[in-house]
Every structure is written in structure tokens, then in C-alpha cells.
Amino acid sequence: MKAIIVGAGIGGLTTAIALQQAGIDFEIYEAAPELKPVGAGIVMASNAMQVFQRLGIERKIINAGLEIVNAYGVDQNFKLISGLRVKEKITSRYGIGSYAFHRGQLQQVLLGEIDERKIHLNKKLTALTHQSNQKVTLSFEDGFVTEAYLVIGADGIKSAVRRNIFGDLPLRYSGQTCWRGMTKFTLPSGKQFNSYEMWGKQKGLRFGFVPTAPDEVYYFTTFFTNANGKDNGQLKEGLLENYSCFGQLAKQIIEATPRENIIRSDIFDLKPITKWWNGRVALLGDAAHATTPNLGQGGCQAVEDAYVIAKCLKEKSSIEKAFEQYQNIRYEKALHVVNMSWSFGKMTNIGNPILQSLRNGFMRIMPESMAIKQLDKILKLNY
């Protein structure tokens, strides 16, 4: 049995490692001409780290990033709104904590577990068809054609695999765009192992940052605007102007960022779909259940998918039964993440000052134990 994985992102690479450990042969086809560390930074929460632990690669993963000790939500004046003692409460609860990475560093660790000859770049999928011999034929833009017994689409929110098996499906625009940056910067003492999300008074204005190494910071900003806008040459200056209300530290982080390290991404998710597979083709990660980044769970859910789909393929007698079991195991949690992230985005982006005050006040009095109980629905592995 040979599998083809379409997409060499975090989800696709983790799928390859999981299949490899399950004794299933695979090839990866990636549309990009080279594997660049697009996306700057990424956080792998405890649920994803538990998967890496089961795959036996957690030590290598841990060495590539920085553990998050505490996670704080604060207002634009750095007044505390909510806090979670991640290392004390989450790490002890699940045996492994949450880590922040330069995406390129994480990608390199995953690539190191895979034979590079199995990864084929510059292969943009154009067509996918089931054959009478139970194989699936894949055609690519450069004229290359290949076959496999099963296909896993790990090719993101604009998945070509999904389009070929289900047609064009609607994406939902959140109303926000996000600018992400990665820069060499040493945070002040006391902030060097924590993640922060700052909520501004202006609707939709947020600034979040987390260290990925002792001298490196990943950050994001959000802003309400139309999708598909074009950034002009004043991008960095515009960020400094829009986010000056967040104080000196935010200004220093943005100023330290090379212009080419600032990336714009409009925030979409995929309107939930009821089926993730068709015949011998299955979807994984953002291709199946793209979520807004408000919970930091997009990559984590893809990692969970990767582990479960390989486990099901190893255990079940047929590919179709394996894909059915994979969706049965993963669907409820993935849908919960999509819906909760969408709702959380609306809550964080309240513009009315009175409602902001009520929201902040409620969150300040909410017990940490209640937050942990909610997180259990996401961080606990149910397989």
C-alpha cells in the first residue's frame, strides 16, 4: 500500500513520519518550488506535543523551540485581564507543555525524520481521479502523472485536493487581516518565557508576542480591513503608527523587524464541512477544517490528524474504513476548535467600551481552574 501526501507543511510532514512508523510507504508532493519557513513563528500546544511524544521525536522538537511558562491576556496598558500558569498547570497535567518555534526550525526537525528522496517539490496538483483498479491518479501542472492506493490532502485552506473531490467550497472572512513578524530581539527580564496577547481599545486591534529563542520574538497584529488588500511601501511605518497605543515594547519589537520579515495574511476559515474523505482520498488539517488563529490550534489540529489517520490506516482492513474511523475520532474536537476560535475572535474584537469593560472584568474574576477545564476539551487526546 502506497500513500501520496499532497502538501509538505507541518501537517503533511507529521503525516509522513506517522505513516513511516506505521510501516506504510509514502511520497510527498508539494506545490512550492522550495520549502521556505513561511509564516514566521508557530506555537505547538500540549496536545500537539503529546503527539510528538507518542512519535518519539519530542526531544528533538523541544530542542528547536522555547517552552512557554505563562500565557497572559492584557489590555493595551499591560494591565492583566487573564493569566494561565502553563508550565505549572498544563505541563504537570499532560506530561508535556507548550512550545514556541521559528516555523523553519520546526520544519527542519520534521524533515530530518524523512528520506528527502520522498519529497517532490514544484508539483502543483491539477486533477485527481479514482480508477477502476482502486488506485487514484494524480496529475500535476508540469505534466507529471502518478498513481497511489490512497491520497491524503494536507495542502491547506485553499486545498487543490478538496476542490477536486468536493468542488469549490466557501471560505469565511473574519473581517480581519493579520501582520506577522519574526525578529531578533531580547525581551525584558520577566517576559522572556511568556506569551502575551494585548487587546486594544479600538475594535479589532490586537498585538501578541512570544519568544521562540532567548534572542528571538514572533509577533502578530490584527486589524479590521477588507481582504486582498495590497501593502504599500509604508507597511512597517503603518504598523508603528497603528500600534503605538500598545506602548514602548510593541514599538521596539516592530522597529527591530526587517521589513521582509513582516507578512500579511487575511484571516479566513473554512465553513465546516460534514465529510473529510471520499473513496481513497482524505483531507487533513486546514484542508479539512481550517480555523482562525485565535486559539493557536491550526497546526496543532493538523498534527493530531496526522497521528490518527496513520493509526487508523494501520489498524483497519480497508482504506475507506480507516478514513471513516479517522473522521469519527477527530471530527468533534476539530469542529469545536473551529467554532470556539470563531466565537473567541468575536469576543476579543468587541469595540464598545462598556462591553470591553464588562468582558475584561468577567475574565479577571474567572478562576484559572475554569480555563483549564475548557482547555481540557482541546488538549486532551481522546485516542
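Our subject is the structure that appears above.
As a starting point, this report considers the structure included with it. The shown structure was predicted, so the numbers you read here are calculated from the model rather than taken from an experiment.

**Quick look at the overall build of the protein**
Secondary structure assignment for the protein yields 13 helices and 19 strands. Taken against the 2.2 N^0.38 rule, which gives 21 Å for 383 residues, the C-alpha radius of gyration of the protein at 21 Å falls within 12% of a compact globule. Its C-alpha atoms give the protein principal-axis dimensions of roughly 65 × 45 × 35 Å. A buried classification covers 52% of the 383 residues belonging to the protein. In the protein, of all internal contacts separated by at least 6 residues, the share reaching a separation of at least 24 is 73%. Carbon together with sulfur atoms contributes 50% to the accessible area of the protein, which is approximately 16900 Å² in total.

**Brief notes about a nonpolar patch on the surface**
A grouping of Ile354, Leu355 and Leu358 is seen on the molecular surface, where their side chains present a nonpolar patch of about 330 Å² in accessible area. Tracing the backbone through its elements, the reader meets leucine 358 in helix H12 (residues 353-365). Given the relative accessible area of 57%, leucine 358 is considered exposed.

**With respect to the packing of aromatic side chains**
Counted according to the given criterion, the structure contains 18 aromatic pairs. Ring centres of tyrosine 173 and phenylalanine 268 lie 4.9 Å apart, and the angle between their planes is 40°; this geometry places the pair in the tilted category. Placement of tyrosine 173 in strand E13 (residues 171-184) and of phenylalanine 268 in strand E17 (residues 262-270) is noted, with a sequence separation of 95 residues between them. The class of phenylalanine 268 is partly exposed, set by a relative accessible area of 27%. In this structure an aromatic cluster arises from ring pairing among Tyr72, Phe78, Tyr196, Phe207, Phe209, Tyr219, Tyr243 and Phe246. Across from the ring centre of phenylalanine 26, 5.3 Å away, lies the NZ or CZ of lysine 118, which sits over that ring. The lysine or arginine in question, arginine 172, covers the ring of tryptophan 342, its NZ or CZ lying 4.2 Å from the ring centre.

**Section: the nonpolar core**
Nonpolar side chains tend to gather and get buried jointly when the protein is soluble and globular. Membership of the largest hydrophobic core comes to 95 residues, with the highest contact counts inside it found for Met44 and Leu313. In this view, leucine 313 contacts Met1, Leu19, Ile24, Leu150, Ile152, Ile319, Ala322 and Phe323; residues no more than four positions away in its chain are not counted.

**Thoughts on the packing of helix H4 (residues 86-94) against helix H13 (residues 368-379)**
Helix-helix packing: each pair is described by the crossing angle between the helix axes and the interaxial distance. The interhelical angle for the contact between H4 and H13, taken along N-to-C directions, is 40°, at an axis separation of 12 Å. Our classification of the angle between H4 and H13 gives oblique. Considering only the axes of H4 and H13, their crossing is right-handed. Here Lys89, Ile90, Arg93 and Tyr94 of H4 lie close against H13, whose contacting residues are Glu368, Ile372, Leu375, Asp376 and Leu379. Within the contact of H4 with H13, the residues separate by chemical class into five nonpolar, no polar and four charged.

**Topic: the environment of glycine 23**
As for its placement among the helices and strands, glycine 23 is situated in the loop between helix H1 (10-21) and strand E2 (25-29). Note: C-alpha distance between glycine 23 and methionine 1 (22 residues apart in sequence) is 9.5 Å.

**Let's talk about the environment of isoleucine 262**
Relative to the helices and strands, isoleucine 262 resides in strand E17. The exposure class of isoleucine 262 is buried, given its relative accessible area of 9%. Taking C-alpha positions, isoleucine 262 is 20 Å from tryptophan 199, a pair spaced 63 residues apart along the chain.

**A closer look at the sheet that holds strand E12 (residues 150-153)**
Taken together, the six strands give an open sheet; going across it, the order is E8-E2-E1-E12-E19-E18, and neighbouring strands pair in mixed fashion. Taken across any chain shown, the strands that pair with only one partner, and hence form the sheet edges, are strand E8 (119-120) and strand E18 (277-278). The sheet contact formed by E12 and strand E19 (residues 281-283) spans three bridges and is parallel. Considered in E19, the bridge of valine 151 is made with valine 281.

**Digging into the pattern of salt bridges**
Counted according to the given criterion, the structure contains 22 salt bridges. Across the pair glutamate 27 and lysine 118 runs a salt bridge whose closest N-O atoms are separated by 4.0 Å. On the criterion of sequence distance, the pair formed by glutamate 27 in strand E2 and lysine 118 in the loop between helix H5 (103-111) and E8 is long-range, its members being 91 residues apart. Given the relative accessible area of 12%, glutamate 27 is considered buried. Overall, the relative accessible area of 19% leaves lysine 118 in the buried class. Across the salt bridge formed by lysine 184 and aspartate 215, the nearest N and O atoms sit 3.9 Å from each other. One end of the pair, lysine 184, is in strand E13; the other, aspartate 215, is in the loop between strand E15 (206-213) and strand E16 (216-224), and 31 residues separate them in sequence. Owing to a relative accessible area of 38%, aspartate 215 belongs among the partly exposed residues under this scheme.

**Quick look at the side chain of glutamate 30**
Here glutamate 30 lies in the loop between E2 and strand E3 (41-44). The buried charged residue glutamate 30 lacks any salt bridge partner; its closest oppositely charged side chain belongs to lysine 124, at an N-O distance of 11 Å. A polar contact is formed between the side chain of glutamate 30 and the backbone nitrogen of alanine 8, at a distance of 2.7 Å. Excluding anything up to four places from it in sequence, glutamate 30 contacts Gly7, Ala8, Gly9, Leu35, His120, Leu121, Asn122 and Lys123.

What counts as what
- Residues numbered from 1 in each chain as written.
- Predicted model: local features only at pLDDT ≥ 70, side-chain atom pairs only at ≥ 80, totals over all residues.
- Heavy atoms only, no water.
- Helix = DSSP H or I, 4+ residues; strand = E, 2+ residues; numbered from the N terminus.
- Rg over C-alpha atoms; globule rule 2.2 N^0.38 Å.
- Buried < 20%, exposed > 50% of the residue type's maximum accessible area, 1.4 Å probe, protein only.
- Contact = heavy atoms within 4.5 Å.
- Areas by Shrake-Rupley, 256 points an atom, 1.4 Å probe, with all protein chains shown as cover.
- Patch = residues over 30% accessible without salt bridge, like charges linked within 9 Å, V, L, I, M, F, W, Y side chains within 5 Å.
- Salt bridge = Lys/Arg side-chain N within 4 Å of Asp/Glu carboxyl O.
- Phe/Tyr/Trp six-rings, centres within 6.5 Å; stacked < 30°, edge-to-face > 60°.
- Lys NZ or Arg CZ within 6 Å of the ring centre and 35° of its normal.
- Core = buried A, V, L, I, M, F, W, Y, C linked by side-chain atoms within 4.5 Å.
- Axes fitted to C-alpha atoms, helices over the stretch in contact; angles between N-to-C directions.
- Parallel < 35°, antiparallel > 145°, perpendicular 65-115°, else oblique.
- Left-handed = near helix turned anticlockwise from the far one by under 90°.
- Nonpolar A, V, L, I, M, F, W, Y, C, P; charged D, E, K, R; others polar.
- Pairing = 2+ DSSP bridges.
- Lys, Arg positive; Asp, Glu negative; His and termini not counted.
- Polar contact = N/O pair within 3.5 Å; in protein donor to acceptor, adjacent residues only side chain to side chain.

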